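Chain and residue survey
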Amino acid sequence: MIAAEVKYKKTGNEWVPEIPEHWEFRRLKNFAEIGSGQDQKGIENDNGKYSIYGTGGLMGKTNEFLYEGPSVILGRKGTIDNPFYVTEPFWTVDTAYYTKIKGNVDPRFFFYCCLTIQFDYYKYGSAVPSMSQKDLNQIRLPYPPFEEQKVIADYLDTQSAKITRFIQTKQRFIELLKEQRQSIITNAVTKGIDDDVKMKETGVDWIPSIPENWNKRRLRFLVKITTGKKNTEDRISDGEYPFYVRSQTIERINSYSFDGEGILTAGDGVGVGKVFHYVNGKFDFHQRVYLFYDINKEIEGEFLFNYLQANMMSELMRYNSKSTVDSIRLPVIKNFLVVFPERQEQKRILEHIKTETRTLDIAISKAEREIELIKEYREAMIAEAVTGKMKL
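Residues numbered from 1 in each chain as written. Predicted model: local features only at pLDDT ≥ 70, side-chain atom pairs only at ≥ 80, totals over all residues. Heavy atoms only, no water.

1. Section: the overall build of the chain
Defined as follows: In DSSP terms, a helix is any run of H or I states spanning at least four residues, a strand is any run of E spanning at least two, and both are numbered starting from the N terminus. Only protein chains enter the accessibility calculation, which uses a 1.4 Å probe. A residue is then buried if its area is under 20% of the maximum for its type, exposed if over 50%, and partly exposed in between. Should any heavy atoms of two residues lie within 4.5 Å, those residues are counted as being in contact. Residue exposure ignores everything except the shown protein chains as possible cover, and the areas themselves are Shrake-Rupley values with a 1.4 Å probe. Counted charges follow a simple rule, with Lys and Arg positive, Asp and Glu negative, and His plus the chain ends left uncounted. The atom standing in for a charge is NZ when the residue is Lys, CZ when it is Arg, CG when it is Asp and CD when it is Glu.
A count of helical and extended segments in the chain gives seven helices and 21 strands. Oriented by its inertia axes, the alpha-carbon framework of the chain measures out at about 80 × 45 × 40 Å. The buried share among the 392 residues of the chain stands at 44%. Long-range contacts, defined as pairs at least 24 residues apart, comprise 68% of the intrachain contacts of the chain with a sequence gap of at least 6. Accessible surface computed for the chain: about 20800 Å², of which carbon and sulfur atoms make up 46%. A distance of 2 Å separates the average location of the 56 positive side-chain charges in the chain from that of its 55 negative side-chain charges.

Written out as structure tokens, the structure is:
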């Protein structure tokens, strides 16, 4: 047990400067043997009973496994700073390592120790961060007696479960707020803000009627469309300009290929029909991201952005038999129907959206900040526990 009056000793390590006097400070190779993942091609099976893991987590299913667990998965290439714990038989791909944890080590304690590793210090490769087995094996970690490892792991399991439940509750709350927010926007950009306005039929399933004084245009008559020339690997963490890829995350880069007003959306991947950005300035963008620019004077760029974000997924689902959309083709985009009022009414609608969503935006930001803070607390708690600074 870790007592309040415990004495500490120096380790000579910058990130773990001291540990309890009766603990050891061992290299990772004394905790586990590192194994290399293998290519999953040829063994994938959607109905398989074992999971296939990559550096980012679950990638698929198979009926074969490399190791029966428990194990900590560590990144070899790409996402190297996201260790995760697996307790059942699994397969891991060749961009990740798995670990065969030794008998004198509590697997959960080892996992929590791995979460404290400063991976940026050990990585190599700027475009694709990488970790070698040699470097991983030499990393030093606190090593308490086995019984203390178990006490620490039990405590962290209990506290982490509470934190996970808190985060899940907050995330669901955020989802509900965002649904409410999107409902306000969708109604405003497809029906207007005048409840008494007369409506007319459109002949389109997903938007059957619109205010009678609104216009209808195909998107190709309202914008010019192009794609970027960059890849995700071109990002630079502290780059000067925004770099738009296929996710909601905005990366950075030291180049720009466009300067002006534009709307960007993912051309393929999980962000199709979901990821949209409205920008007015200098930026660069991915080769599989569409840019809508040179926007017709009939329509406000911000109104079109809100309209596309609210309605494009409905149109895409008409061309897809699956529950998700993997890609969006240029002819579909060009033929997408846009409805809109005259510009003054568009401006009133945009002002209405800002007013009606302001309180929701504040609530969303507050909840997101609470999640950030509890994650920071969890990181600090784990670091304190595995270095013997916490009385348990």
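2. Topic: the nonpolar core
Under the convention used in this document: Nonpolar core, defined: a set of buried Ala, Val, Leu, Ile, Met, Phe, Trp, Tyr and Cys residues in which side-chain atoms within 4.5 Å join the residues together.
F110, I117, L136, L141, L156 and V386 are the most contacted members of the largest nonpolar core, which totals 45 residues. Among the secondary structure elements, those contributing two or more residues to this core are β4 (32-36), β7 (71-75), β10 (96-101), α1 (107-114), α2 (119-122), β11 (140-143), α4 (146-191) and α7 (343-386). If one sorts the elements of this core by residue count, α7 sits on top with nine residues. In this structure, L156 is in contact with Y112, M381, I382, A385 and V386, ignoring residues within four places of it in sequence. Ranked by size, the runner-up nonpolar core spans 37 residues in total, among them W206, L222, L316 and I349.

3. Here we look at the pattern of salt bridges
Worth spelling out the cut-off: For salt bridges, the criterion is a side-chain nitrogen of Lys or Arg within 4 Å of an Asp or Glu carboxyl oxygen.
As enumerated under the stated definition, the model contains 23 salt bridges in all. When the shortest N-O distance is used, the salt bridge between K150 and D154 registers 3.2 Å. In this pair, K150 and D154 both sit in helix α4, four residues apart, roughly one turn of the helix. Residue K150 is classed as partly exposed on the basis of its relative accessible area, which comes to 36%. According to the relative accessible area criterion, D154 is partly exposed, its value standing at 30%.

4. Side note on unusual backbone geometry
With an omega dihedral of 0 degrees, the bond running from G69 to P70 counts as a cis peptide bond. Within the fold, P70 resides in the loop between β6 (57-62) and β7. Although it is not a glycine, D294 adopts a positive phi angle of roughly 50 degrees. Within the secondary structure layout, D294 lies in the loop between β20 (289-293) and α5 (301-318). Under the relative-accessibility criterion, D294 is labelled partly exposed at 45%.

5. What about a negative patch on the surface?
We count it as follows: Two distance rules govern patches: like charges are joined within 9 Å, and nonpolar side chains (Val, Leu, Ile, Met, Phe, Trp, Tyr) within 5 Å, applied only to residues with over 30% relative accessible area and no salt bridge.
On the surface, a cluster of negative charge is made up of D39, E44, D46 and D94. In this structure, D94 sits in the loop between β9 (90-92) and β10.

6. Quick look at the sheet that holds strand β5 (residues 50-54)
The condition is simple: Strand pairing requires that DSSP identify at least two bridges connecting the strands. Between the N-to-C directions of two axes lies an angle of 0 to 180 degrees, each axis being a line fitted to C-alpha atoms and, for a helix, fitted only over the stretch in contact.
If you trace the three strands from one edge of the open sheet to the other, you get β6-β5-β9, paired in mixed fashion. Of all the strands in the sheet, the pair left with one neighbour each is β6 and β9. Strand-to-strand, the axes of this sheet are offset by a mean angle of 30 degrees, without reference to chain direction. Across five bridges, the pairing between β5 and β6 is antiparallel. The residue bridging Y50 from the neighbouring strand is T62, located in β6.

7. Digging into α1
Since the α-helix packs 3.6 residues into each turn, any two residues three or four apart lie on the same face. Our working rule: Polar contacts here mean pairs of N or O atoms no more than 3.5 Å apart (in protein, one a potential hydrogen donor and the other a potential acceptor; neighbouring residues in sequence count only if both atoms are side-chain atoms).
Counting buried positions over the eight residues of α1 gives eight, a clear majority of the element. Among the residues of α1, P107, R108, F109, F110, F111, Y112, C113 and C114 are the ones counted as buried. At the N-terminal end of α1, a side-chain oxygen is found 2.9 Å from the backbone nitrogen of R108, two or three residues along, and the residue is D106.

8. Some words on α7
To keep it simple, the criterion reads: Here, expected helix span is obtained from the residue count minus one, scaled by 1.5 Å. The bend reported for a residue corresponds to the angle between axes fitted to the seven residues ending at that residue and the seven starting there.
Given a rise of 1.5 Å per residue, 44 residues ought to cover 64 Å, and the 61 Å separating the end C-alpha atoms of α7 matches this to within 8%. Taking the largest bend as the criterion, α7 deviates by roughly 45 degrees, centred on T357. N-cap assignment for α7: the residue whose side-chain oxygen lies 2.9 Å from the backbone N of Q344 is E342. Remark: G388 follows α7 within two positions and exhibits a positive phi of approximately 80 degrees.

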